[in-house]
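Fold and geometry: a report
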Amino acid sequence: MSTVTPPLPYRVAETRTETADTRSLELVPAGRELPPFAPGQYAMIYAFGVGEVPISVSALHGPYGGLVHTVRAVGAVSTALHDLRPGDTVGLRGPFGTGWDLDAAVGQDVLVIAGGIGLAPLRPVVHAVLDRPDAYGRLGILVGTRTPGDLIYQEDVERWRGRAEVGVTVDRPGPGWQGPVGVVTTLLDAFALRSDRTHALVCGPEVMMRHTARALMGRGLAAQRVQVSLERNMRCATGHCGHCQLGPLLVCRDGPVVGYDRVERLLAVREL
Amino acid sequence: MTELPPPLDLLPLVQRERLLAVGLDVSFPAGTRLFDEGGEADRFWLLRSGEVALDICVPGRQPEALIETLGAGQLLGWSWICPPYRWHLGARTVTPVEATEFPATDVLALCAADPELGYALMRRFIEVVAGRLQATRIRLLDLYAPHGSGPP
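Conventions and cut-offs
Residues numbered from 1 in each chain as written. Chains lettered and ligands numbered in written order. Predicted model: local features only at pLDDT ≥ 70, side-chain atom pairs only at ≥ 80, totals over all residues. Heavy atoms only, no water. Helix = DSSP H or I, 4+ residues; strand = E, 2+ residues; numbered from the N terminus. Buried < 20%, exposed > 50% of the residue type's maximum accessible area, 1.4 Å probe, protein only. Contact = heavy atoms within 4.5 Å. Areas by Shrake-Rupley, 256 points an atom, 1.4 Å probe, with all protein chains shown as cover. Lys, Arg positive; Asp, Glu negative; His and termini not counted. Charge placed at Lys NZ, Arg CZ, Asp CG, Glu CD. Core = buried A, V, L, I, M, F, W, Y, C linked by side-chain atoms within 4.5 Å. Domains from an automatic or database assignment. Axes fitted to C-alpha atoms, helices over the stretch in contact; angles between N-to-C directions. Parallel < 35°, antiparallel > 145°, perpendicular 65-115°, else oblique. Nonpolar A, V, L, I, M, F, W, Y, C, P; charged D, E, K, R; others polar. UniProt positions renumbered as here; feature names shortened; annotations may be inferred. Pairing = 2+ DSSP bridges. Buried area = accessible area lost by both parts, 1.4 Å probe. Salt bridge = Lys/Arg side-chain N within 4 Å of Asp/Glu carboxyl O. Polar contact = N/O pair within 3.5 Å; in protein donor to acceptor, adjacent residues only side chain to side chain.

When helices and strands are counted, chain A shows 6 helices and 14 strands. For chain A, the spread of C-alpha atoms along the three principal axes comes to 50 × 45 × 35 Å. Counting only residues that meet the buried cut, chain A has 56% of its 272 residues in that class. Within chain A, counting contacts between residues at least 6 apart in sequence, those at least 24 apart form 69% of the total. When the accessible surface of chain A is totalled, it reaches about 11400 Å², and 49% of it is carbon and sulfur. Within chain A, one finds 27 positive and 27 negative side-chain charges whose respective centroids are separated by 3 Å.

Take a look at the structure:
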């Protein structure tokens, strides 16, 4: 079981507005540095005087060499983090949790499927695969968002189009939108899925992940080849408090990234 | 040519050939109105390339409200299967489209003459309709709204 450590001070080096309610923060150590993060892992970020929330790392190295986290303002703590300015200080603990198992995907196709802000924990995966193109097969990036204006990392997504099979679909098209409209799984029809040599990494609202995993399995992909990033009420991040328990799993420690074969049945239990 | 995109690729070869024999290869430029809501649903298409938008008229709203888009490998049109045989939505090509067009009367005649083909084809269409129903239910949840995945 991990040891609880006090947060280390990190300074906000840069903020970047992604959408109307979402902003990315690049954090650099103001003293001692945390150990390196892996794609899919998360930090507990403490907004002084407000509270602490788990946020997955959305880039391992920002322009200032710091950790990037993308925050959507939906509650008191996330709103306080969203409103930070360069020079402000937060407390950081981590890295916590399991990362995406990219070793399992070496030599295989990688299919990244994101819903809404679920693209944030998957962006380091895209970076890692694009950094080592010879190590993997095809890279597919399928993203579903509410509206065109809710797509995060728009410049990144445009850049990725030249190097990966990218699809973006929206639930509610606005004026001028020329792309697909519908749930993210409709994009699977355009991706020639090779079920015997593809690993799918999925992140988004839990219903979206269940729906997506079923669609993938309907196309012949084994549940062991599907990884999902779970979201639960994570408080201590060290497996002590039990707030994030999902059956036999403590999501803060045994997750957030887990194989769908491990959680498919657990996610169908209403009480969990 | 006997290859068909899913879901029709699951039909046995001989039935695929019979079905394709009544199909016509067609192409449409971007912006073509394929059908309007309420019109006679007398055909369907298997999209080979390009994108089609399904829409519905809303008074005072121009252009039509866009419901969903369909692309390569997808079936366009199932209103020909059941009464009142009228399109439930309208359809317009977003990009140039290439497709195979199947006249409903010919396909229904094939199904009547070969119930095995009819059964297999209806099962494929039920998969399509069920998939779209489930996708619509998911979208109704508005999962990407600020608290769409549950209370904070």
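Time to look at the nonpolar core. Formed by 41 residues in total, the largest nonpolar core has its most connected members in Leu111, Ile113, Leu216, Val228, Leu230 and Val263 of chain A. Tallying contributions element by element places helix α4 (residues 206-218) of chain A first for this core, with 5 residues. Split by domain, this core shows at least three residues from each of two domains, domain 1 (8-96) and domain 2 (103-268) of chain A. Excluding residues that lie within four positions of it along the chain, Ile113 of chain A makes contacts with Leu122, Leu142, Val184, Leu188, Leu201, Val202, Cys203, Met208, Thr212 and Leu216 of chain A. One finds Leu34, Val52, Leu75 and Trp80 of chain B within the second-largest nonpolar core, a separate group that totals 34 residues.

Residues and elements named next belong to chain B. It is at 5 Å that the axes of helix α2 (residues 104-113) and helix α3 (residues 115-140) come closest, and there the two elements cross at 120 degrees. With respect to their mutual orientation, α2 and α3 come out oblique. Contact residues: α2 offers Val107, Leu110, Cys111, Ala112 and Ala113, while α3 offers Pro115, Leu117, Gly118, Leu121 and Met122. Its residues assigned to classes, the contact of α2 with α3 comprises 9 nonpolar, 1 polar and no charged.

Mapped onto this structure's residue numbering, the UniProt feature "domain: FAD-binding FR-type" (unreviewed entry) falls at residues 5-102 of chain A. Taken as a whole, residues 5-102 of chain A contains 7% helix and 50% strand, while its terminal C-alpha atoms sit 28 Å from one another.

Attention shifts here to the sheet that holds strand β2 (residues 22-29) of chain A. Residues and elements named next belong to chain A. Spatially, the 6 strands close up into a barrel ordered β1-β2-β5-β4-β3-β6, and their pairing is antiparallel. In this sheet, neighbouring strand axes are inclined to one another by 45 degrees on average, regardless of whether the strands run parallel or antiparallel. In the sheet, strand β1 (residues 8-19) pairs with β2 via 8 bridges, with the strands oriented antiparallel. Each residue of the ladder has a partner; that of Thr19, found in β2, is Thr22. The strands touched by helix α2 (residues 119-131) are β4 (51-59) and β5 (67-72); relative to β4, the strand with the most contacts, the crossing angle is about 30 degrees.

The interface of chain A with chain B comprises 22 residues on the first partner and 20 residues on the second. Counting the surface lost from both chain A and chain B, the interface buries some 1900 Å², and carbon and sulfur atoms represent 59% of this. Three residues, Arg146, Asp171 and Val181 of chain A, lead the burial of chain A against chain B; their summed loss comes to 24% of the area buried on that side. Our count for the chain A to chain B interface comes out at 3 salt bridges. Linking chain A with chain B are 6 residue pairs in polar contact (both at pLDDT 80 or more). No other element matches α4 of chain A, which puts 3 residues into the side of chain A that touches chain B. Tallied by class, the residues present in the side of chain A that touches chain B amount to 8 nonpolar, 9 polar and 5 charged.

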